[in-house]
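Each chain, written out:
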There are 2 protein chains.
Amino acid sequence: MQFDLDDFKNPCNDRFILSKGHAAPLLYAVWKQLGKISDQELMQLRTFDSNLEGHPASRFPYHEAATGSLGQGLSVGVGMALAARADQLPYKTYVLLGDGELAEGSNWEAAELAHHYKLENVVAIVDINRLGQTGETSTGHDLARYQQKFAAFGWRVLMVDGHDVNALANIFTEAENCDPQNPVPTVILAQTYKGFGLDQTIENQPGFHGKALPKAGLSGILQELTKRFPGFNEPLPEPVILARTCTEQYHATQNASTYCAIESGSESTGPFPVRALRQASPCAKAPEDRQDERGEQDERAYQLGAPIATRRAYGEAITILGAHNPRIVCLDGDVKNSTYSELFEQAFPERFFECFIAEQNMAGMATGLALRGKIPFVSTFAAFLTRACDQIRMAGVGRVPLRLVGSHAGVSIGEDGPSQMGLEDVAFLRTIPESIIFYPCDATSTHACVALMSEHHTGVSYLRTTRAATPVIYPNETEFKIGGCQVLRQSPNDIACVIAAGITVHEALKAYDQLCAQNIFVRVIDCYGIKPLPEEALKKHAHACQGSVITVEDHYRAGGLGEAIAAALINDKIHMTSLAVDKLPRSGKPEELLAYEAIDAEAICRAVLESLRGYRAVT
Amino acid sequence: MQFDLDDFKNPCNDRFILSKGHAAPLLYAVWKQLGKISDQELMQLRTFDSNLEGHPASRFPYHEAATGSLGQGLSVGVGMALAARADQLPYKTYVLLGDGELAEGSNWEAAELAHHYKLENVVAIVDINRLGQTGETSTGHDLARYQQKFAAFGWRVLMVDGHDVNALANIFTEAENCDPQNPVPTVILAQTYKGFGLDQTIENQPGFHGKALPKAGLSGILQELTKRFPGFNEPLPEPVILARTCTEQYHATQNASTYCAIESGSESTGPFPVRALRQASPCAKAPEDRQDERGEQDERAYQLGAPIATRRAYGEAITILGAHNPRIVCLDGDVKNSTYSELFEQAFPERFFECFIAEQNMAGMATGLALRGKIPFVSTFAAFLTRACDQIRMAGVGRVPLRLVGSHAGVSIGEDGPSQMGLEDVAFLRTIPESIIFYPCDATSTHACVALMSEHHTGVSYLRTTRAATPVIYPNETEFKIGGCQVLRQSPNDIACVIAAGITVHEALKAYDQLCAQNIFVRVIDCYGIKPLPEEALKKHAHACQGSVITVEDHYRAGGLGEAIAAALINDKIHMTSLAVDKLPRSGKPEELLAYEAIDAEAICRAVLESLRGYRAVT
């Protein structure tokens, strides 16, 4: 590998992802050998104040990506390799996988994509030690099966004895030199033995996964290893440590190296930067400043009342933003005509990545792209984002600015039925630490939310969009913010506060009109900022409306808007009715389903009238 | 395929899973041809009152499994094939996949498992029409690539022109006859063209996915098809409809067929049963009556105060239950020594299925096993169940009694760090319609919860277990129920009600002791039933404790116990403090992490004292 130890942020550095994150002590030991971690720090492994966590996480300054949930590293690596391709940067991405984790299908999603995009700059290394945590893998040491699989997925396969250092050095050289006429990703299958070099009761035996050997036997073990591997227990010369690092090349290129600032908020700002090694890169496509990201203001001009689906507004917004910020890229899971990300593809085909029907890898790739300074928007049906929950969870652990857009939210999609309805997306995304969530109801607010997401670099963000066309209700100059809400209707005589988001905002407005006709006045709030929740504003409006609140959402009750608001207002002595999806939905017309789940205008009116009766009974 | 149209529940029937669920109209059309759906019903497709939903769901009496989220059918099929093997039943399982959905890695997880278990009774058919929803798949019509992939995963591969009916009939015969010396699963790769038989502006062209052709052109289209396929528009003779159904065999076997009742609550109870066709099965291992499932009562005898992790108690409970109910099976994702499902394996190796590190397929397989009358328990780390959220979601859509057990919940696992901590599992599982959730705090209650799950056949159930050993607090004769809670400490002078679950119950008990020393009395509730929530009991206790409630949970705030309780008590004018995981966790000692997230005994004491100050200030 080639990188500058003193300039970790240098975009020309090779990348190394430890997909088998449980081998973290090995990663830390290497950085100790490289002189970046002290002996003392190393001995603090897994303690509360140490950055050396049980699995590589964002607190470790040299972490390339948070790992520890298996089968995710290759997707992240493919995303990084794609970023290198897009930016014409010379780095290679190395991913070290365990053989056990190859059972995760996400690896084969990544393998197919790396083949599809001809990413010759990815090198996967599989540590085939035969043993998982609890026993032998399904493939054991049958390297031929692994070879056939990777070959079938279009990869170049190299095989090596993983304990032969010279053979490894040679194979890494071979891996680096890919036939330019046939650009394919490379995998190195390394046959290894757990506990190699120890006695026969330990080497290649199950039962030692995650187990420290008894301290009493340490000197004997070190003796045995030293006997078997001369020089084992002596400090290694630095250049040898990271495989084939070539000091000559190092000195030849370091003066010529180019520095490209990566401004992504997710980029480590630790005290350990790096400098470029591989041949100098022109960085022709270096990320531009994002000062004019807001230039889209003039370009969006939605007419009040015009029926435009928020999913379509997302596609339009990202396309306008994309013109002003070349770091924005878009990833699709074969639904671009439904999510309207096809508009972005038409404008910027080179920044649009079709990931096919493989959401896990799509989310992992986006993490890799984000970690290399891109601003990726991942869009698919909200329902199908549940396929990538673990990848999204790990993006949260890694504090990655992963931007997700889930369309076709709620029962309001209608005829396609429950398998296509996103009804748990808000609950899941709300759990991710430091995440932000938007659920706008019209094109204008959607556009603003997408712009806010493009500028939010400190964690996972999520936009929920709707299938149906809904009327534009906001003038173009309306201001929106993270964690905001808008008051759509209010009077001094409001007897209840109806809090809605997305599609139910329009039901709330219909209910308002019906209630007005009966001389009953309610406040209507568009709570487009689901997380963080605009708690203070909601409290204020609740108290201004006789302490009566009605929430209404096209999402399952658990973990949705209603529960979030109940938790926020629990100590405010208010009265609240939450309308949410409680019954397993079915196919039908959108309006039939909104009525079936009691989240339509009529249900809101009923709730207001009941609340009014309760209020009158009390007063 | 061989099955009795008049006995859909017959366990000897072949199974057919439409993994490409969007082809539902085709499935319905076949059942119409079989005389089980009327023309009138067929024309109600996708309407609110029809059972013919946009994608096959549980309301359709002939649905084999709910589909519509792609890439899940093969896992379900592999589970059904495993059930056939276990019960020595002769049926085959056919799964029809689209080529687009082969991008989902879950298929390759299923492919590997089918190879591993030598399931020669699975036949997958891939409809390779080249076109996804939005464009060409990554493989197009390159059948050789698909062939290589399936062969690399150990499958027998057959290729066919998907439009040649005679060739199809022959290939299905070939597929059925597997070499007994080399039992491997079979895949039929069928090359097809979307819109085959229509004119060149439609056939094999993108842009027609999910689009109805204009009604005006219908007669022309029918004419064209009739010209190209003589007899196209005429009723087909029934035996021909489902591929190679052989009437002779039908009559020869139907008298000999054996009926084995499948008692699973998930089994369709629609008016359309079926009878066996393939050779008579002895049904030697027919599901036994579950009258003695409770026989374990005598066998569990935990000593009060003994430190036993709830994950271990799960392993012990399932092993005892397994002895009394042969329908119970167990699935593991290479963590059986952590979840203690290894105890079940040691007792019943033939009913233990190692699924390796592939949680999506594990959940899908369990769905298949459950649909064939097994009682599968799926156990892994709670964190890694997030890998299978989409499969769990679809089990909910299908109303499948999928039983999930997530271990290593919460920050209390300590040193392994955030990637291994299940902190969003309750939020996600709560969203699943009709799901039930248990989070017990000791071995006795865990045992009871596992028994309750084994008897719950009407939907998804979830048990959350803890890594650390916790003392047994319940006598063996204690009664537990779905949606229950237990009062652990109470007095007439309680000034607050502390509601905890799992690990935090023990923190609450510690807090109780510390507060007692200050003459402050609180009620302590073990809310082991998270869903349904014991709302009435919680309300009663809240009001009996000055209306002051403190919830404490080792789970992210969003969608957890605190929010569930806030939503339940919002109209009860109580004061509530919710302690939950708010900060991104890290590695460290369990007690350090509980303190860091402010969910330990000290945090509870602080909350009680603050609530007391607030109360005194008011009164």
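Definitions and cut-offs
- Residues numbered from 1 in each chain as written.
- Chains lettered and ligands numbered in written order.
- Predicted model: local features only at pLDDT ≥ 70, side-chain atom pairs only at ≥ 80, totals over all residues.
- Heavy atoms only, no water.
- Helix = DSSP H or I, 4+ residues; strand = E, 2+ residues; numbered from the N terminus.
- Contact = heavy atoms within 4.5 Å.
- Areas by Shrake-Rupley, 256 points an atom, 1.4 Å probe, with all protein chains shown as cover.
- Pairing = 2+ DSSP bridges.
- Axes fitted to C-alpha atoms, helices over the stretch in contact; angles between N-to-C directions.
- Phe/Tyr/Trp six-rings, centres within 6.5 Å; stacked < 30°, edge-to-face > 60°.
- Buried < 20%, exposed > 50% of the residue type's maximum accessible area, 1.4 Å probe, protein only.
- Lys, Arg positive; Asp, Glu negative; His and termini not counted.
- Salt bridge = Lys/Arg side-chain N within 4 Å of Asp/Glu carboxyl O.
- Polar contact = N/O pair within 3.5 Å; in protein donor to acceptor, adjacent residues only side chain to side chain.
- Parallel < 35°, antiparallel > 145°, perpendicular 65-115°, else oblique.
- Nonpolar A, V, L, I, M, F, W, Y, C, P; charged D, E, K, R; others polar.
- Right-handed = clockwise from strand over helix to strand, strands pointing away.
- Least-squares fit on C-alpha atoms with pLDDT ≥ 70 in both.
- Buried area = accessible area lost by both parts, 1.4 Å probe.
- pLDDT = per-residue confidence, 0-100.
- Core = buried A, V, L, I, M, F, W, Y, C linked by side-chain atoms within 4.5 Å.

### Description of the overall build of chain A
Thinking step 1. Along chain A, the regular secondary structure elements total 22 helices and 19 strands.
Thinking step 2. In chain A, of all internal contacts separated by at least 6 residues, the share reaching a separation of at least 24 is 77%.
Thinking step 3. Carbon and sulfur atoms provide 52% of the accessible area of chain A, an area that totals close to 21,300 Å².

### Remarks on the sheet that holds strand β9 (residues 375-381) of chain B
Residues and elements named next belong to chain B.
Thinking step 1. Strand order in the open sheet formed by seven strands is β8-β7-β9-β10-β12-β11-β17, and the pairing between neighbours is mixed. Because the sheet does not close on itself, it has two edges, and the strands there are β8 (352-354) and β17 (529-531). Sheet twist, expressed as the average angle between the axes of neighbouring strands with direction ignored, equals 20 degrees.
Thinking step 2. Where strand β7 (residues 328-332) meets β8, three bridges bridge the pair, whose relative direction is parallel. Bridged to Asp332 within β8 is Glu354.

### A word on the packing of aromatic side chains
All names here are of chain A.
Thinking step 1. One pass over the structure, following the stated rule, counts 40 aromatic pairs over all chains.
Thinking step 2. Ring geometry for Tyr314 against Phe377: centres 6.4 Å apart, planes inclined by 40 degrees, an arrangement best described as tilted. Here the residue Tyr314 occupies a position in helix α10 (residues 310-324), and Phe377 occupies one in strand β9 (residues 375-381), the gap between them amounting to 63 residues.
Thinking step 3. Taking the relative accessible area as the measure of exposure, Tyr314 reaches 1% and is therefore buried.

### Comments concerning the sheet that holds strand β5 (residues 186-191) of chain A
Residue and element names in this part refer to chain A.
Thinking step 1. Pairing is parallel in the open sheet, where five strands are placed in the order β1-β2-β3-β5-β4. Edge positions in the sheet fall to β1 (15-18) and β4 (156-161), since each has one partner strand and no second. For this sheet the average axis-to-axis angle between neighbouring strands, irrespective of direction, equals 20 degrees.
Thinking step 2. Inspection of the sheet shows β4 paired to β5 by six bridges, in the parallel sense. Pairing of Asp161 across the sheet is with Gln191, part of β5.

### Some points on the side chain of Lys531(A)
Thinking step 1. Its place among the elements puts Lys531(A) in strand β17 (residues 529-531).
Thinking step 2. With no salt bridge to any partner, buried Lys531(A) finds its closest opposite charge in Asp582(B), at an N-O distance of 8.3 Å.
Thinking step 3. In terms of polar contacts, Lys531(A) uses its side chain to reach the backbone carbonyl oxygen of Arg430(A), at 2.9 Å.
Thinking step 4. In this view, Lys531(A) contacts Leu429(A), Arg430(A), Ile432(A), Glu434(A), Ser435(A), Ile436(A) and Ile437(A); residues no more than four positions away in its chain are not counted.

### Some remarks on the packing of helix α19 (residues 535-544) of chain A against helix α20 (residues 561-569) of chain A
Residues and elements named next belong to chain A.
Thinking step 1. Following both chains from N to C, one finds α19 and α20 inclined at 75 degrees, their axes separated by 10 Å at the closest point. As judged from the angle between their axes, α19 and α20 are roughly perpendicular. Along its contact with α19, which presents Glu535, Leu538, Lys539 and Ala542, the element α20 presents Ile565, Ala568 and Leu569.
Thinking step 2. Taken together, the residues that form the contact of α19 with α20 break down as five nonpolar, no polar and two charged.

### Some details on the pattern of salt bridges
Thinking step 1. Counting across every chain of the model gives 47 salt bridges over all chains.
Thinking step 2. With a shortest N-O distance of 2.5 Å, Glu563(B) and Arg430(A) are connected by a salt bridge. Placement of the pair is Glu563(B) in helix α20 (residues 561-569) and Arg430(A) in helix α16 (residues 425-431), with the two residues belonging to separate chains.
Thinking step 3. Assessed through its relative accessible area of 5%, Glu563(B) is described here as buried.
Thinking step 4. According to the relative accessible area criterion, Arg430(A) is buried, its value standing at 8%.
Thinking step 5. The partner of Glu64(B) in a salt bridge is Arg15(B), and the shortest N-O contact between them spans 2.7 Å. Of this pair, Glu64(B) sits in the loop between α2 (39-42) and α3 (73-87) while Arg15(B) sits in strand β1 (residues 15-18), placing them 49 residues apart in sequence. The burial state of Glu64(B) is the same as that of Arg15(B); both residues are buried.
Thinking step 6. Salt bridges sharing partners connect three or more residues here, namely Glu104(A), Asp390(A), Arg393(A) and Arg387(B).

### Section: unusual backbone geometry
Thinking step 1. At the junction of Lys531(A) and Pro532(A), the peptide bond is cis and its omega measures out at -5 degrees in the coordinates.
Thinking step 2. Here Pro532(A) lies in the loop between β17 and α19.
Thinking step 3. The phi dihedral of Arg46(A) is positive, around 70 degrees, even though this residue is not glycine.
Thinking step 4. Structurally, the position occupied by Arg46(A) is in the loop between α2 (39-42) and α3 (73-87).
Thinking step 5. Even without being glycine, Lys573(B) reaches a positive phi, approximately 50 degrees.
Thinking step 6. Within the secondary structure layout, Lys573(B) lies in the loop between α20 and β19 (575-581).
Thinking step 7. Judged by relative accessible area, which is 45%, Lys573(B) ranks as partly exposed.

### What to know about the pairing of β5(A)
Residues and elements named next belong to chain A.
Thinking step 1. In terms of burial, β5 is a largely internal element, five of the six residues being buried.
Thinking step 2. Bridging between strand β3 (residues 122-128) and β5 involves six bridges; their strand directions are parallel. Each bridged residue has a counterpart across the sheet, and for Ile125 the counterpart in β5 is Ile188.
Thinking step 3. Assessed by its sense of winding, the connection that carries the chain from β4 through helix α6 (residues 165-176) to β5 is right-handed.

### Some details on the relation of the copies chain B and chain A
Thinking step 1. Note on the identical chains: chain B maps onto chain A by a rotation of 180 degrees and an axial translation of 0.0 Å, with an RMSD of 0.0 Å. Look at the turn and shift together and you get a two-fold axis relating the two.
Thinking step 2. Most of the interface of chain B is mirrored in chain A, where 100% of its interface residues are also at the interface.

### A look at the interface of chain B and chain A
Thinking step 1. Listed per partner, the contact involves 99 residues of chain B and 99 residues of chain A.
Thinking step 2. When the buried area of chain B at its contact with chain A is split by residue, Phe48(B), Arg387(B) and Leu584(B) rank highest and sum to 10% of it.
Thinking step 3. On inspection of chain B and its partner chain A, the count reaches twelve salt bridges.
Thinking step 4. Our count for the chain B to chain A interface comes out at 58 residue pairs in polar contact (both at pLDDT 80 or more).
Thinking step 5. A total of seven residues in the side of chain B that touches chain A trace back to one element, the largest contributor, which is helix α15 (residues 389-397) of chain B.

### Some points on the confidence of the model for chain A
Thinking step 1. Chain-level statistics for chain A give a pLDDT mean of 89 and a share of 88% at 70 or above.
Thinking step 2. In the predicted structure, residues 239-298 of chain A sits below a pLDDT of 50 and forms 141 contacts with residues beyond four places in sequence or in another chain.

### Quick notes on the nonpolar core
Thinking step 1. Core analysis: the largest hydrophobic core is formed by 176 residues, its most contacted members being Trp155(A), Leu331(A), Trp155(B) and Leu331(B).
Thinking step 2. In this view, Trp155(A) contacts Leu74(A), Ala111(A), Ala114(A), His115(A), Val122(A), Ala124(A), Phe150(A), Pro185(A), Thr186(A) and Val187(A); residues no more than four positions away in its chain are not counted.

### As for helix α5 (residues 143-152) of chain A
Thinking step 1. Leu143(A), Arg145(A), Tyr146(A), Lys149(A), Phe150(A) and Ala152(A) are the residues of α5(A) that are buried.
Thinking step 2. Residues of α5(A) that are buried sit in contact with α4 (106-116), β3, β4 and β5 of chain A together with α4 (106-116) and α5 (143-152) of chain B.
Thinking step 3. The positive-phi residue at the C-terminal boundary of α5(A) is Gly154(A), with phi of around 90 degrees.

### Considerations on the environment of Thr465(B)
All names here are of chain B.
Thinking step 1. Checked against the element boundaries, Thr465 lands in the loop between β12 (461-464) and β13 (469-471).
Thinking step 2. A residue is classified by how much of its surface remains accessible, and Thr465, at 0% relative accessible area, is buried.
Thinking step 3. Taking the C-alpha atoms as reference points, Thr465 and Arg311, separated by 154 residues in sequence, lie 5.1 Å from one another.
Thinking step 4. In contact with Thr465, not counting residues within four places along its chain, are Thr310, Arg311, Tyr314, Val405, Gly406, Ser407, His408 and Ala409.

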